[in-house]
Amino acid sequence: MVSSKPPSDSNPNPAAAVPAAIARARRFPWGSGAVVVGLALNLVLCVHRAAVAFAASSHINLLLLLWSLRRFEASPPGSVARRRARIAVWLLTTTLTAAFTWKVGALLPLVPAVVASAMATATILFGSYVLFAHDDK
């Protein structure tokens, strides 16, 4: 007996197919989402401690840093947007480094606190060189 069904087409409509790159771009960034959820949970746990302002400002600073890094990487080389994002990245990393050094330095004796401050200063200066003097080379 002959079937009245048409043969199945193994080649779907190519116009309906979504290119793989677009499909990957539409996916939810699970890694970034996990980082944000982890930061939120850490912030909730820090609320129970005395350093609420420091923890909140550090988390906000870090979220802004991640957002600025994404803008920096997405902008074309030599553009005004890239230059602004570079300045934002440098300012946010500098303030984050200074804040953590200040907090740690308050807990250390004088000599290790001076060493920590010198290391933070070297990190900030080297970061300035990499972001500004090196200039996309």
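Residues numbered from 1 in each chain as written. Predicted model: local features only at pLDDT ≥ 70, side-chain atom pairs only at ≥ 80, totals over all residues. Heavy atoms only, no water.

S.K.: What should I look at first to understand the layout of surface pockets in this one?
M.R.: Where empty space is left in the structure can be found by rolling a water-sized probe over the atoms. The volume enclosed by the largest pocket comes to roughly 190 Å³. Lining the largest pocket, in full, are S32, G33, V35, V36, L63, L66, W67 and R70. Broken down by secondary-structure element, the contributors of at least two residues to the lining of the largest pocket are α2 (30-47) and α3 (52-74). Considering only residue class, the lining of the largest pocket consists of five nonpolar, two polar and one charged. (1 Å grid on protein atoms, 1.4 Å probe; cavity = no way out; pocket = protein on both sides within 12 Å on 5 of 7 lines; lining within 4 Å. Points joined across faces, edges and corners; volume = space filled by probe spheres on them. Helix = DSSP H or I, 4+ residues; strand = E, 2+ residues; numbered from the N terminus. Nonpolar A, V, L, I, M, F, W, Y, C, P; charged D, E, K, R; others polar.)

S.K.: Any chance you could explain helix α4 (residues 80-107) here in plain terms?
M.R.: Structurally, the α-helix is built with 3.6 residues per turn, so residues lying three or four positions apart point the same way. In a regular helix each residue adds 1.5 Å, so 28 residues correspond to 40 Å; α4 covers 41 Å between its end C-alpha atoms and thus fits that length. Turning to α4, its buried residues are R82, A85, R86, V89, L92, T94, L96 and T101. Looking at the buried side of α4, the elements it contacts are α3 and α5 (110-133). (Expected span 1.5 Å × (residues − 1). Buried < 20%, exposed > 50% of the residue type's maximum accessible area, 1.4 Å probe, protein only. Contact = heavy atoms within 4.5 Å.)

S.K.: Help me out: how do you make sense of the packing of α3 against α4 in this one?
M.R.: When two helices pack together, you describe them by how their axes are tilted relative to each other and by the distance separating the axes. Across the interface, α3 lies against α4 with an axial gap of 9 Å and an inter-helix angle of 155 degrees. In this view, α3 runs roughly antiparallel relative to α4, as classed from their interaxial angle. α3 and α4 meet at a crossing whose hand is left-handed. (Axes fitted to C-alpha atoms, helices over the stretch in contact; angles between N-to-C directions. Parallel < 35°, antiparallel > 145°, perpendicular 65-115°, else oblique. Left-handed = near helix turned anticlockwise from the far one by under 90°.)

S.K.: For this particular structure, what's the right way to read the UniProt feature "transmembrane region" (unreviewed entry) in the protein chain?
M.R.: Taking the UniProt record as the reference, the feature "transmembrane region" (unreviewed entry) is found at residues 34-67, 87-104 and 110-132. Its end C-alpha atoms 26 Å apart, residues 87-104 is made of 100% helix and 0% strand. (UniProt positions renumbered as here; feature names shortened; annotations may be inferred.)

S.K.: Looking at this structure, I do not really get the environment of M119. What am I missing?
M.R.: Residue position: M119 is located in helix α5. What makes M119 exposed here is its relative accessible area of 55%. Here the alpha-carbon distance between M119 and T97, two residues 22 residues apart in the chain, equals 10.0 Å.

S.K.: What should I look at first to understand the packing of aromatic side chains in this one?
M.R.: What the rule picks out here adds up to three aromatic pairs. Taking the centre distance of 5.3 Å and the plane angle of 85 degrees together, the rings of F54 and F100 count as edge-to-face. Of this pair, F54 sits in helix α3 while F100 sits in helix α4, and the two are 46 residues apart along the sequence. We classify F54 as buried; its relative accessible area is 18%. When the centroid spacing of 6.4 Å and the interplanar angle of 35 degrees are considered together, the rings of F126 and Y129 count as tilted. (Phe/Tyr/Trp six-rings, centres within 6.5 Å; stacked < 30°, edge-to-face > 60°.)

S.K.: Looking at this structure, I do not really get α3. What am I missing?
M.R.: Here α3 contains 23 residues, and its C-alpha end-to-end distance of 33 Å stays within 8% of the 33 Å for a straight helix at 1.5 Å per residue. Residues of α3 that are buried include every one of F54, A55, S58, H59, N61, L65, S68 and F72, and no others.

S.K.: When you look at the nonpolar core in this model, what are you seeing that I'm missing?
M.R.: Most often, soluble globular proteins have nonpolar side chains that are buried together. Judged by nonpolar contacts, L65, F72, A85, V89, L92, L96 and L131 together constitute the single largest core of seven residues. Those elements that place two or more of their residues in this core are α3 and α4. Leaving out residues up to four positions away in the same chain, L131 has contacts with R86, V89 and W90. (Core = buried A, V, L, I, M, F, W, Y, C linked by side-chain atoms within 4.5 Å.)

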